[in-house]
Amino acid sequence: MQILGTALEEGRATVLRHLLANPFAGLRVARSFAHVTDVLVAATFHYCATYLHPAPIRTKSEQLTVIAVGGYGRGEMAPFSDVDLLFLTPYKQTAWGESVIESMLYILWDLKLKVGQAVRSIADCLRYASKDFTIRTAILEMRLICGEEDLYQALDEKLWNELFSHTGAEFAEAKLAERDSRHRRQGGSRYVVEPNVKEGKGGLRDLQTLHWVSKYIYHTGTAWDLVEMGVYEEDEVQKFADAAKFLWSVRCHLHDISHRAQEVLSFDRQIEVAQRMGFGDAKGRRGVELFMQTYFRHAKNVGDLTRIFLAALEAQHTKNTPALSVLLSALSFRSPDTFDGIFSVKDGRLNVSDGSVFADDPVNLIRIFHEAARTQAMIHPAALRLVTQNLDLIDDKLREDPEANRLFLEVLCDKAEGARILRRMNETDVMGLFIPQFGRIVAMMQFNMYHHYTVDEHTIQTIGMLNQIERLEAIDDLPVASEIVRGGFSRRILYVALFLHDIGKGMARSHSETGAEIAQVLCPRFGLTDSETDLVVWLIQNHLAMSDTAQTRDINDLGTVREFANLVQSPERLRLLLMLTVCDIRGVGPGVWNNWKAQLLRNLYWDTRDMLTGGAEQASRQHRVDRARAALAGTLIHWPEEDIAVELARHYPHYWLGLDTDAQAHFAEMERENAHGMSSQFLMDPDRDVTVALLYMEDHPGIFSRMAGAFALAGANVVDARSYTTSDSMICSSFSIQDAERRAFEENRLPRLKRTIDRTMKGEVLVRDGLQEKIRNRTVKPFEVPTRIIFDNESSDLYTIIEVNARDRIGLLHTLTRTLTSLHISIFSAIIATYGERAVDVFYVRDIFGLKIGIDSKQRRIETRLIEAIERANSSAKATVGPGRR
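Residues numbered from 1 in each chain as written. Predicted model: local features only at pLDDT ≥ 70, side-chain atom pairs only at ≥ 80, totals over all residues. Heavy atoms only, no water.

Overview of the overall build of the chain
Here is the rule we go by: In this description a helix means any DSSP run of H or I spanning at least four residues, a strand means any run of E spanning at least two, and both kinds are numbered starting from the N terminus. With a 1.4 Å probe rolled over the protein chains alone, any residue whose accessible area is under 20% of its type maximum counts as buried; one over 50% counts as exposed, and the rest are partly exposed. Note on areas: these come from Shrake-Rupley sampling with a 1.4 Å probe, and a residue is covered only by the protein chains present in the view. Positive residues here are Lys and Arg, negative ones are Asp and Glu, while His and the chain termini are left out of the count. Just so you know, the charge point we use is NZ for Lys, CZ for Arg, CG for Asp and CD for Glu.
The secondary structure content of the chain amounts to 40 helices and 14 strands. With respect to the principal axes defined by its C-alpha atoms, the chain has extents near 105 × 75 × 50 Å. Counting only residues that meet the buried cut, the chain has 56% of its 886 residues in that class. Total accessible area on the chain is roughly 37200 Å²; 50% of this is exposed by carbon and sulfur atoms. On the chain, the mean spot of the 105 positive side-chain charges and the mean spot of the 119 negative ones are 3 Å from each other.

Set out below in structure tokens:
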């Protein structure tokens, strides 16, 4: 046992040293791990069969063969892959065979190997494999390790003669359906920013699926065999080999770093794997981003190879072809003289009439996608393959061709098929070559927790979102955007703006400014007029303005709306900017859009529209206060008149401007019932997807900070906070909070939440100690976010706005508010937004005298103290996190 353990340890160590010395040798390393395992399994079998359970004279039924199956059978193992073994017997199990197998398994388990095992006869293997495709796939890749070779050969012959030979189509359909299901489970895109190297779209399992089907149908041993059969060209098989080499290298490094079978390439592991594989910072981009761009390009190549392979299967009718009815019905509307002789229908898909159509007229490289969009047809894989083989025809002449650009613009603006066809153009590299500025962002990863996709995939997702809105499929979720569509909008302008809004990413300068400059060049090329170009440029320059204003400013403040209206200047700009903002946020990824953001954007849109059109009362501040006081009085009609008068007199103007009537009515009842004690109420606000916590108590220095700490302890994310002091020194605070999933708290969780808040506010729980414990139990993500403090005295008529950009963490709001309190700064409201790992906390404040903070030296002092507090808290958090919690 000790000898085997030492041999295994030394063998694995040698292989891993080779991996570190040759970081791209993953496939060779995977085969080396399989070889080390072969030697170990064979030695274990020899020891058990010869010394532990000797049987000098064995009967025919006491034969035993040890076979590797699955990935191990293929001869490829990552450092912590399972060891899948088939113990093959000629008939039913014997006592001798059972003893040998049992002893082998105990030894292998003691060596810490994860062994998957089955004991079957030849008849069992055929019966199970005929019913279960997972078993059939595993046994397809079987490989003899040790034992009776004749038994192995007998099984191999029976499998091919009695099962595999006549079930090729069935197997191919099953594996491709299994692949589609797996892709859906993994997010449906090969461009998710934390991909699963093994199971994700474009990952190793997709390459293995190609290998399984080709072996089953064509009896191939390697991908190179498919060249001789005419399925692949040599350069395509080279892509196969390069992708396998890269993906196996990533997987082996991932296993080694994680010390377990980790398949998800998480953010923290991306940094380590990128460093191991030699990706350093270059051209203003981080090494990890360059590494992930390489990863996604290989994932895209895997998709190309799959498409080519499917074309070969369809040509042989191994795989079922799609129904012709939809395509033929669409083609029936074609004008008889449109592109005649160029395209045809083959196997139910749009195909080229012959192999020279692109060489004869390179515009056809764009026209085929235009025709697919117009007819809503699928493009045959053979045609897409021919497209990729003619990419060298895309040159400056084609890029400047008016007809090619007209066709592309029509594809871009196609509300039925735009996103789908653009994705095909991107996957075949047509789009990146036809528009080189877009080619630069293909497979570009943004190393943060906010964006779920690469830049190019995010762009296509946003266009897909606009397609849905235009088809009126999102009326319930997006009533305002749907209303704008019904009223008509500048389609070309918005689609081009969406297509180009992030095209400046990855450059040293602001991507909004860089993108606007690129738009100045591309819009005329696409055929847009000067006025259309100017509007596209403005939208790209300001495509973050509406989101930032809605999420990080008090949109109930008339000054905020006025400043935003001054930026927008026209109702048309406002309509287009709202739709661009909605599509941009919803295209970031699942869970980013919610009712809270939706309501903020709607309110800002409506208020700004009223201000631009003059439809709203441009009410004076005092008139708005009087209107709010009257509204509250109307809800308190059951109160005595003198009590109503007292309540109306207790509050200062900003209270009436900052809270809605419903919250004011609750505070009035809390005052009446609790006098000068503490009271809290928790209200559901499903329209905004938040829980509103109303806290009423005596005011004292630091109270806002303690409340922020209480919510952090309770696991609540504060998205909006407002606090107002009354004339009799009570404080009315309204916190809009969400749970960890950025949703309103469920009602059954509210009693516990209320208890935690009440105990903390009463001093029964110490905020600082409680936060340290929560930080200790949290894994820290590997992102660096520079701290930035911005002072704004223009956007609000009443307050100085302090905007803090910092790395998000538990208790950040508490740290910031405690620091501001120590500087004798009065906090009247706080608005909190998070973008992945980045938090933007905005405070509406005044100094101790009730004035704005306009003195530069005082601003610098506040800035210094805030940065120091953030750095101390971050250092403390890193020191608190234990081993394995980085």
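Quick notes on the pairing of strand S7 (residues 679–685)
Operational definition: Whether two strands pair comes down to DSSP finding at least two bridges between them.
Bridging between S7 and strand S8 (residues 690–698) involves seven bridges; their strand directions are antiparallel. Within S8, the residue paired with Leu 683 across the bridge is Val 692. Hairpin connection, S7 to S8: the antiparallel pair is bridged by four residues, and Asp 689 has positive phi, about 60 degrees.

Some points on the sheet that holds strand S4 (residues 143–147)
In plain terms, the rule: A fitted line through C-alpha atoms represents every axis, and for helices the fit uses only the stretch in contact; the resulting angles, taken between N-to-C directions, go from 0 to 180 degrees. Note on contacts: a residue pair is in contact if any heavy atoms of the two residues lie within 4.5 Å.
Strand order across the open sheet formed by four strands is S3-S2-S1-S4, with mixed pairing between neighbours. Taken across any chain shown, the strands that pair with only one partner, and hence form the sheet edges, are strand S3 (115–121) and S4. Going across the sheet, the axis of each strand differs from the next one's by a mean of 25 degrees, ignoring polarity. Of the pairings in the sheet, the one linking strand S1 (residues 65–68) to strand S2 (residues 83–89) comprises four bridges and is antiparallel in character. Bridging from a neighbouring strand, Thr 65 pairs with Leu 88 of S2. Seen against the sheet, helix H2 (residues 26–52) touches S1, S2 and S4 and runs at an angle of roughly 30 degrees to S4. This element, helix H4 (residues 95–110), spans S1, S2 and S3 of the sheet and lies at about 170 degrees to S3.

Topic: the pairing of S1
Successive side chains on a regular strand alternate, one facing one side of the sheet and the next facing the other. Burial along S1 is two-sided: the face carrying Thr 65 and Ile 67 and the face carrying Val 66 and Ala 68 are both buried. In this structure, S1 lies alongside S4, joined through four bridges in antiparallel fashion. Considered in S4, the bridge of Val 66 is made with Cys 146.

Here's the deal with the pattern of salt bridges
Put simply, the test is: Each salt bridge in this description consists of a side-chain nitrogen of Lys or Arg and a carboxyl oxygen of Asp or Glu lying within 4 Å of one another.
In this structure the tally under the stated criterion is 47 salt bridges. The closest approach of N and O atoms between Arg 127 and Asp 124, which form a salt bridge, is 2.8 Å. Here Arg 127 pairs with Asp 124, and both are found in helix H5 (residues 122–131), just three residues apart, close to one helical turn. Residues Asp 554 and Arg 722 are paired through a salt bridge, measuring 2.9 Å at the closest nitrogen-oxygen approach. Highlighted residues: Asp 554 in the loop between helix H28 (545–552) and helix H29 (558–568) and Arg 722 in strand S9 (residues 717–725), separated in sequence by 168 residues.

A few points about a nonpolar patch on the surface
Going by this rule: Patch membership requires over 30% relative accessible area and the absence of a salt bridge. Like charges are linked within 9 Å, and nonpolar side chains (Val, Leu, Ile, Met, Phe, Trp, Tyr) within 5 Å.
Side chains of Tyr 47, Tyr 51 and Leu 52 sit close together on the surface and give an oily, nonpolar patch of about 330 Å² of accessible area. Among the residues examined, Tyr 47 registers a relative accessible area of 39% and is labelled partly exposed.

Observations concerning the packing of aromatic side chains
Stated precisely, the cut-off is as follows: Only Phe, Tyr and Trp rings take part, Trp by its six-membered ring, and two of them pair if their centres are within 6.5 Å. Stacked means planes under 30 degrees apart, edge-to-face means over 60, and tilted covers everything else. Whether a charge lies above a ring is judged from NZ of Lys or CZ of Arg, which has to be within 6 Å of the ring centre and within 35 degrees of the ring normal.
According to the stated counting rule, one finds 23 aromatic pairs in the structure shown. On the basis of an interplanar angle of 40 degrees and a centroid distance of 6.0 Å, the ring pair of Phe 246 and Phe 291 is categorised as tilted. On the criterion of sequence distance, the pair formed by Phe 246 in helix H11 (residues 234–258) and Phe 291 in helix H13 (residues 287–315) is long-range, its members being 45 residues apart. Taking 5.6 Å as the distance between ring centres and 90 degrees as the angle between the ring planes, the aromatic pair formed by Tyr 295 and Phe 296 counts as edge-to-face. Given the relative accessible area of 0%, Phe 296 is considered buried. Taken together, the aromatic side chains of Phe 24, Phe 246, Phe 279, Phe 291, Tyr 295 and Phe 296 make up a single cluster linked through ring pairs. Above the plane of the ring of Phe 80 lies Arg 12, whose end atom (NZ or CZ) is 5.2 Å from the centre.

Description of helix H36 (residues 703–713)
Taken across its 11 residues, H36 has 10 buried, putting it largely inside the fold. Every buried residue belonging to H36 is among Ile 703, Phe 704, Ser 705, Met 707, Ala 708, Gly 709, Ala 710, Phe 711, Ala 712 and Leu 713, and all of these are buried. With its phi angle positive at about 75 degrees, Gly 715 sits one or two positions after the end of H36.

Some remarks on the sheet that holds S9
Paired through backbone hydrogen bonds, the strands of a sheet run either parallel or antiparallel to each other. Read across the open sheet, the eight strands follow the order S7-S8-S10-S9-S13-S14-S12-S11; overall the sheet is antiparallel. Only two strands of the sheet have a single neighbouring strand rather than two, namely S7 and strand S11 (788–792). Each strand axis lies, on average, 15 degrees off the axis of its neighbour in the sheet, ignoring direction. Of the strands in this sheet, S7, S8 and strand S10 (730–738) touch helix H35 (residues 661–674), which is tilted by about 40 degrees from S8. The strands touched by H36 are S7, S8, S9, S10 and strand S13 (826–835); relative to S10, the strand with the most contacts, the crossing angle is about 30 degrees.

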